[in-house]
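Structural features, examined
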Amino acid sequence: AAGSGTVSRTFSIQNCGNRDLTLSTVTVSGPHAADFTVIVQPKTTLVQFETTTFQVRFTPGGVDTRSAVLSFTSNDPDENPFSFAITGGGTTAAQAL
């Protein structure tokens, strides 16, 4: 059974380097990738100290813990690609009386 409780979260990326930072689109992979959708992609080029955001919507496909990995590539030589795990929990839908 699918879970309920759709939620969106915003994530920030800041260029702390001394040259332009070039980013790819954010991709989702992992066991429950279909439960997570990038609904707003980050800017593709950030100048020094510039920040961009991206948004991910979680729509649980089950009532257990759901997990995936968010990833993007960049021209940062020591953090390319950049990936991190994301989890969410589905809840059972409220039943009408």
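All of the points below concern the structure found in this document. (Residues numbered from 1 in each chain as written. Predicted model: local features only at pLDDT ≥ 70, side-chain atom pairs only at ≥ 80, totals over all residues. Heavy atoms only, no water.)

Before going further, it helps to spend a moment on the sheet that holds strand β8 (residues 82-89). Pairing is antiparallel in the open sheet, where three strands are placed in the order β3-β7-β8. For this open sheet the edge positions go to β3 (27-29) and β8, each flanked by a neighbour on one side alone. Neighbour to neighbour, the strand axes of the sheet diverge by 30 degrees on average, direction disregarded. Across three bridges, β3 lies against strand β7 (residues 65-72) in antiparallel orientation. Across the sheet, residue T27 finds its bridge partner in β7, namely S71. (Pairing = 2+ DSSP bridges. Helix = DSSP H or I, 4+ residues; strand = E, 2+ residues; numbered from the N terminus. Axes fitted to C-alpha atoms, helices over the stretch in contact; angles between N-to-C directions.)

Scanning the entire structure with this criterion turns up five aromatic pairs. Pairing F11 with F54 gives two aromatic rings, centres 5.4 Å apart and planes at 20 degrees, and the pair type is stacked. Residue F11 is found in strand β1 (residues 7-14), and its partner F54 is found in strand β6 (residues 51-58); the two are separated by 43 residues along the sequence. Classification of F54 as buried rests on a relative accessible area of 1%. Each member of the aromatic cluster is reached from another via a ring pair, and the members are F11, F54, F72, F82 and F84. (Phe/Tyr/Trp six-rings, centres within 6.5 Å; stacked < 30°, edge-to-face > 60°. Buried < 20%, exposed > 50% of the residue type's maximum accessible area, 1.4 Å probe, protein only.)

What follows is about the side chain of R66. Tracing the backbone shows R66 in strand β7. At a separation of 2.9 Å, a polar atom in the side chain of R66 contacts the side chain of D64. With sequence-adjacent residues up to four places away left out, R66 is seen in contact with H32, D35, F36, F58, P60, G61, I86, T87 and G88. (Polar contact = N/O pair within 3.5 Å; in protein donor to acceptor, adjacent residues only side chain to side chain. Contact = heavy atoms within 4.5 Å.)

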